[in-house]
Amino acid sequence: MKALPRDFDLSIEIRDLVWFKNEDKFNQLVIHLNRLNKGLVICDTPGIREACHMRLSNSTAFIRFVCTGSSHLDIFRIEQWRKQIKSWFNQGLEKCFFFLHIYDDKAEIEFSQFVKHELVF
């Protein structure tokens, strides 16, 4: 990552839960990514809450939202994200990428439209 230009948009996703168990190491990673102006993916998965760390390392948020697309919990989580992203924009967030990872193909179109409507600022 050091070889990449500072203005090259890049966000990395940490998948090994060991990173989240050592808060000092995770904080060091966030600081290092900030120095390089690189982002850190927040993965909101119902079964793996550690990866939903809510930390930004630069002025870009990249959220990977894993869901079925058909549950009340998914709708509640989107409502919470709307509030959080709006708050971040009010604090200077410049860009937000919200990636939907929907497991239920039947719900994909309808839920995607719902999210598109809910996350417009």
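Residues numbered from 1 in each chain as written. Predicted model: local features only at pLDDT ≥ 70, side-chain atom pairs only at ≥ 80, totals over all residues. Heavy atoms only, no water.

A. Fine view of helix α2 (residues 23-36). In this model α2 runs 20 Å from its N-terminal to its C-terminal C-alpha over 14 residues, within 8% of the 20 Å that 1.5 Å per residue would give. For α2, the full list of buried residues reads F26, L29, V30, L33 and L36. The buried residues of α2 occupy an angular sector of 125 degrees when projected down its axis, which confines them to one face. Exposed side of α2, more than 90 degrees from the buried face: D24, Q28 and R35 are the residues found there. The inward-facing, buried residues of α2 abut β1 (11-12), α1 (18-21) and β2 (39-44). Measuring from the side-chain oxygen of the N-cap residue of α2 to the backbone nitrogen of D24 gives 3.2 Å; that N-cap residue is N22. (Helix = DSSP H or I, 4+ residues; strand = E, 2+ residues; numbered from the N terminus. Expected span 1.5 Å × (residues − 1). Buried < 20%, exposed > 50% of the residue type's maximum accessible area, 1.4 Å probe, protein only. Arc of directions from axis to C-beta. Contact = heavy atoms within 4.5 Å. Polar contact = N/O pair within 3.5 Å; in protein donor to acceptor, adjacent residues only side chain to side chain.)

B. Spotlight on the nonpolar core. The biggest cluster of nonpolar side chains holds 15 residues, and the ones touching the most others in it are I42, I63, F65, W81, W88 and F111. Sorting the residues of this core by element identifies β3 (60-67), α3 (72-90) and α4 (108-118) as the ones contributing at least two each. Residues in contact with I42, not counting those within four places in the same chain, are A51, C52, H53, M54, R55, L56, F62, I63, R64, W81 and W88. Listed in part, the 10 residues of the second largest apolar core include F20, F26, C43 and A51. (Core = buried A, V, L, I, M, F, W, Y, C linked by side-chain atoms within 4.5 Å.)

C. Layout of the pattern of salt bridges. Summed over the entire model, instances satisfying the criterion amount to 6 salt bridges. Here D44 and R49 are joined by a salt bridge, their closest N and O atoms 2.6 Å apart. For D44, a relative accessible area of 2% gives the class buried. As a salt-bridge pair, E118 and R82 come within 3.0 Å of each other at their nearest N and O atoms. Taken together, the residues span a long stretch of sequence, with E118 in helix α4 and R82 in helix α3 at a distance of 36 residues. (Salt bridge = Lys/Arg side-chain N within 4 Å of Asp/Glu carboxyl O.)

D. Quick look at the sheet that holds β3. In spatial order, the strands read β1-β2-β3-β4; together these 4 strands make up an open sheet with parallel pairing. Two strands close off the open sheet at either side, each with one partner strand: β1 and β4 (95-102). Pairing analysis gives 4 bridges linking β2 to β3, with the strands arranged parallel. When the sheet's bridge partners are listed, V41 is paired in β3 with F62. Contacts from α2 reach β1 and β2, with the element oriented near 130 degrees to β2. Running at roughly 160 degrees to β4, α4 makes contact with β3 and β4 of the sheet. (Pairing = 2+ DSSP bridges. Axes fitted to C-alpha atoms, helices over the stretch in contact; angles between N-to-C directions.)

E. Highlighting the pairing of β2. Among the 6 residues in β2, 6 count as buried, and that is most of the element. Every second residue of β2 is oriented toward a common face, with G39, V41 and C43 on one face and L40, I42 and D44 on the other, all of them buried.

F. View of a nonpolar patch on the surface. A cluster of nonpolar side chains, M1, L4 and F8, forms an exposed patch at the surface whose accessible area comes to about 250 Å². Mapped onto the secondary structure, M1 falls in the segment before β1. The exposure class of M1 is partly exposed, given its relative accessible area of 40%. (Patch = residues over 30% accessible without salt bridge, like charges linked within 9 Å, V, L, I, M, F, W, Y side chains within 5 Å. Areas by Shrake-Rupley, 256 points an atom, 1.4 Å probe, with all protein chains shown as cover.)

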